[in-house]
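Architecture at a glance
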Amino acid sequence: MLKPSQYKHIIWDWNGTLLNDAWLFVEIMNSVLENRNMATISLEKYRKIFGFPVKDYYKKLGFDLEKESFQKCGLEFIKAYEKRRYEADLYPMVNSILSKLVSINIHHSILSAQHQTLLDDLTKYYNIRKYFTEINGLNDYYAHSKIDKGIEWMKKTGLNAKEVLLIGDTDHDFEVAKALEVDCLLISHGHHCHSRLIQTGAPVIHDIVDIFQIFSIDFHSVAI
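Residues numbered from 1 in each chain as written. Predicted model: local features only at pLDDT ≥ 70, side-chain atom pairs only at ≥ 80, totals over all residues. Heavy atoms only, no water.

Re the overall build of the chain
Helices and strands together make up the secondary structure of the chain, namely ten helices and eight strands. Relative to its length of 224 residues, the chain is compact, with a C-alpha radius of gyration of 17 Å against a globular reference of 17 Å. Relative to its 224 residues, the chain shows a buried fraction of 52%. Within the chain, counting contacts between residues at least 6 apart in sequence, those at least 24 apart form 67% of the total. With an accessible surface of roughly 10,900 Å², the chain has 49% of that area assigned to carbon and sulfur atoms. (Helix = DSSP H or I, 4+ residues; strand = E, 2+ residues; numbered from the N terminus. Rg over C-alpha atoms; globule rule 2.2 N^0.38 Å. Buried < 20%, exposed > 50% of the residue type's maximum accessible area, 1.4 Å probe, protein only. Contact = heavy atoms within 4.5 Å. Areas by Shrake-Rupley, 256 points an atom, 1.4 Å probe, with all protein chains shown as cover.)

Things to note about the packing of aromatic side chains
This structure, assessed with the given rule, holds twelve aromatic pairs. By way of ring pairs, the aromatic residues Tyr46, Phe50, Phe52, Tyr57, Tyr58, Phe63 and Phe70 are connected into one cluster. (Phe/Tyr/Trp six-rings, centres within 6.5 Å; stacked < 30°, edge-to-face > 60°.)

Some details on helix 8 (residues 171-180)
Residues of helix 8 that are buried: His172, Asp173, Phe174, Val176, Ala177 and Leu180. On its buried side, helix 8 packs onto strand 1 (9-12), strand 4 (107-115), helix 7 (147-157), strand 6 (164-168) and strand 7 (183-187).

So, the pairing of strand 5 (residues 132-138)
The element strand 5 is extensively covered by neighbouring structure, given that five of its seven residues are classed as buried. In this structure, strand 4 lies alongside strand 5, joined through five bridges in parallel fashion. Bridge pairing in strand 5 places isoleucine 110 opposite isoleucine 135. The parallel pair strand 4 and strand 5 is bridged by helix 6 (residues 116-125), and the resulting crossover is right-handed. (Pairing = 2+ DSSP bridges. Right-handed = clockwise from strand over helix to strand, strands pointing away.)

Here we look at the environment of leucine 166
Within the secondary structure, leucine 166 is located in strand 6. You can call leucine 166 buried: its relative accessible area is 2%. For the pair formed by leucine 166 and aspartate 183, sequence separation is 17 residues and the distance between their alpha carbons is 6.2 Å. Leucine 166 has contacts with Ile11, Asp173, Val176, Ala177, Leu180, Val182, Asp183, Cys184 and Leu185, leaving out every residue within four places of it along the chain.

Structural data, given as structure tokens:
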């Protein structure tokens, strides 16, 4: 059970949690698949099969990684994503949610499987860098896991795990929260479907604006 009055820090996932980009991941992957005459996927199927490590997701899509390396096909996706990275938008009310939580002394950081350089660039582009005490991404493009990065950061900051909430949109975020020994809240508007997320046993909300209710913030008092 969540303990909103207890939290002093929120660790946010980025892709699919704050940034509405699952559709963009599908469009780019479909172009990679089409280049190989492979079957494309829908957003619905993507949300059912995407996961970490990302290499396993490629196998589910039908890539033969013995004939073509994961690094090669993965790099094709990454280069295409870099070209289109500004096409996605933040979910509605993200700025208002972050700002209001800061005003009640709840601080924020990001823990993402995205490459650090991209993450730094995008948080500046969307003008939300100011809300975060730390932006933590990975140092490679192949998104194996962000658990080690999270553990390292928690040790460095000395945060009390009981005062930390991790918010994400995949079952991997739940795995990360367990490893960090912090509470977890999952949102089913991103890269994993609701039916997958509820299997974790973590609380699941459908939309990020539901956070207003969780923290007893009056939605109507917040500037949109």
